[in-house]
Amino acid sequence: MNKEFTAVIPLESNPDVFDKFAYNLGLLKSYSFNDIFSIDDPSLLDFLPRPMVAIVLLFPIQKVKPALPSTETSSNAKQPIWLKQNFQNACGLYALLHILINNQHLLQNGSPLTQYIEANDTTSKKQKNIDQFIINFTNQFTNDFNNNSGETINPNPTDIIDLHFISFISYNNELWEMDGRSQDSKPLSIGKVETKNSTVQEEIDLIDQPLILQRIKSYMNNVESENDKLNFSLLGLSRSWD
């Protein structure tokens, strides 16, 4: 992060990079990120550990977001914690924070994010104080931010990056799109979790949710040129294989 704390070095869409930062935040070591090379090819999906409890999408910035089809949502449903992105190029970090702060069972006791959650016991406090947490976190792990890339050379924090991270989670029996730059300043409900049984499992397999897959495809179909599709990337969070 630069000296005014207005920007961070953007994260690479790489499982090792996301694992490093997630573990620093407090993710249990029994979970890890994996590349998702296809959302509709069974032969490629078979290689992924399941259930997939969160998905991170990297895509070219689009002038207008794809419209969300009319789906059954609960307007009075308890919403996940949404965090406003106030730092340039920090969308990857916010994607991680949105996943972990809304899935506290995935965090180690005493970890930095767990301590933050416990110290800020209301949603408004978590939203208000998250900027200072990010500043403290990036100061503590400066070397990781300066050497975060798995395969590419780190850009400068203030470089203009035309790619953006968002994440998808399940929360309170609904599917949510979490975007720190949401114009509505809130999480976006995609629709109800589709369950094969009468009861909802503790960990929903998001890669098996049709509404999530439809939403990802809508971003891919919303590009200005076919070449933009080459800049899409997907990561999934799930239990690590033994």
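What this report covers is the structure whose coordinates are included nearby. (Residues numbered from 1 in each chain as written. Predicted model: local features only at pLDDT ≥ 70, side-chain atom pairs only at ≥ 80, totals over all residues. Heavy atoms only, no water.)

Some remarks on the overall build of the protein
Part 1 of the argument: Along the protein, the regular secondary structure elements total 7 helices and 6 strands.
Part 2 of the argument: In the protein, the order of α-helices and β-strands from amino to carboxyl end is α-β-α-β-α-α-α-α-β-β-β-α-β.
Part 3 of the argument: For the protein, the residues scored as buried account for 50% of the 242 residues in total.
Part 4 of the argument: Of the contacts formed within the protein by residues at least 6 apart in sequence, a portion of 74% connects residues at least 24 apart.
Part 5 of the argument: In the structure as shown, the protein presents an accessible area of about 12,300 Å², 46% of it carried by carbon and sulfur atoms. (Helix = DSSP H or I, 4+ residues; strand = E, 2+ residues; numbered from the N terminus. Buried < 20%, exposed > 50% of the residue type's maximum accessible area, 1.4 Å probe, protein only. Contact = heavy atoms within 4.5 Å. Areas by Shrake-Rupley, 256 points an atom, 1.4 Å probe, with all protein chains shown as cover.)

Focus on the environment of Q85
Part 1 of the argument: Assignment of secondary structure puts Q85 in the loop between β2 (52–60) and α3 (91–101).
Part 2 of the argument: For Q85, a relative accessible area of 12% gives the class buried.
Part 3 of the argument: A polar side-chain atom of Q85 sits 3.0 Å from the main-chain carbonyl oxygen of F87. (Polar contact = N/O pair within 3.5 Å; in protein donor to acceptor, adjacent residues only side chain to side chain.)

Remarks on the packing of aromatic side chains
Part 1 of the argument: By the definition in use, this model includes 6 aromatic pairs.
Part 2 of the argument: With centroids separated by 4.6 Å and ring planes inclined at 45°, the aromatic side chains of F59 and Y219 adopt a geometry described as tilted. Placement of F59 in strand β2 and of Y219 in helix α7 (residues 210–220) is noted, with a sequence separation of 160 residues between them.
Part 3 of the argument: Members of the aromatic cluster, each reached through a chain of ring pairs, are F18, F33 and F165.
Part 4 of the argument: A cation over a ring is seen here: K29 above Y23, with NZ or CZ 5.1 Å from the ring centre. (Phe/Tyr/Trp six-rings, centres within 6.5 Å; stacked < 30°, edge-to-face > 60°. Lys NZ or Arg CZ within 6 Å of the ring centre and 35° of its normal.)

A word on the sheet that holds strand β3 (residues 163–171)
Part 1 of the argument: Strand order in the open sheet formed by 6 strands is β1-β6-β2-β3-β4-β5, with antiparallel pairing between adjacent strands. Strands with a single pairing partner mark the edges of an open sheet, and in this sheet they are β1 (31–35) and β5 (188–192). Within the sheet, the average angular offset between the axes of one strand and its neighbour, ignoring direction, is 20°.
Part 2 of the argument: Strand direction decides the pairing type here: β2 and β3, joined by 7 bridges, are antiparallel. (Pairing = 2+ DSSP bridges. Axes fitted to C-alpha atoms, helices over the stretch in contact; angles between N-to-C directions.)

Concerning helix α5 (residues 123–140)
Part 1 of the argument: End to end, α5 covers 24 Å across 18 residues, agreeing with the expected 26 Å (1.5 Å per residue, within 8%).
Part 2 of the argument: In α5, a bend of some 45° at N129 exceeds every other bend along the element. (Expected span 1.5 Å × (residues − 1). Bend = angle between axes of the 7 residues up to and from the residue.)

Description of α7
Part 1 of the argument: For α7, the complete set of buried residues consists of I212, L213, R215, I216, S218 and Y219.
Part 2 of the argument: Looking at the packing, one finds that the buried side of α7 touches β2, β3, β4 (174–178), β5 and β6 (233–239).

Some thoughts on the nonpolar core
Part 1 of the argument: Among the nonpolar cores identified, the biggest contains 46 residues, and F33, L97, F133 and L237 are the most heavily contacted of them.
Part 2 of the argument: If you tally residues by element for this core, the top one is α3, at 9 residues.
Part 3 of the argument: L237 has contacts with L27, Y31, S32, F33, P51, M52, V53, A54, I99 and L106, leaving out every residue within four places of it along the chain.
Part 4 of the argument: I36, L45, L206 and I207 belong to the second largest nonpolar core, which has 23 residues in total. (Core = buried A, V, L, I, M, F, W, Y, C linked by side-chain atoms within 4.5 Å.)

Notes on the packing of α3 against α5
Part 1 of the argument: Taken N-terminus to C-terminus, the directions of α3 and α5 make an angle of 125°; their axes are 13 Å apart at the nearest point. Regarding the angle of α3 to α5, the classification is oblique. The interaxial crossing formed by α3 with α5 has right-handed handedness. Contacts from L93, Y94, L97 and I101 in α3 reach K126, I130, D131, F133, I134 and F137 in α5.
Part 2 of the argument: Partitioned by chemical class, the residues of the contact of α3 with α5 number 8 nonpolar, no polar and 2 charged. (Parallel < 35°, antiparallel > 145°, perpendicular 65-115°, else oblique. Left-handed = near helix turned anticlockwise from the far one by under 90°. Nonpolar A, V, L, I, M, F, W, Y, C, P; charged D, E, K, R; others polar.)

A look at the environment of S233
Part 1 of the argument: Among the structural elements, S233 can be located in strand β6.
Part 2 of the argument: Taking the C-alpha atoms as reference, S233 lies 7.7 Å from I36; in sequence the two are 197 residues apart.
Part 3 of the argument: There is a polar contact of 2.6 Å between the side chain of S233 and the side chain of S13.

A few points about the packing of helix α1 (residues 15–25) against α3
Part 1 of the argument: Where α1 contacts α3, the two axes come as close as 11 Å, and the packing angle between them is 50°. The orientation of α1 with respect to α3, classified from their angle, is oblique. Regarding α1 and α3, the two cross each other, and that crossing is right-handed. Between α1 and α3, the residues in contact are F18, F21, A22 and L25 and G92, L93, L96, L97 and L100, respectively.
Part 2 of the argument: When the residues that make up the contact of α1 with α3 are grouped by side-chain class, the tally is 8 nonpolar, 1 polar and no charged.

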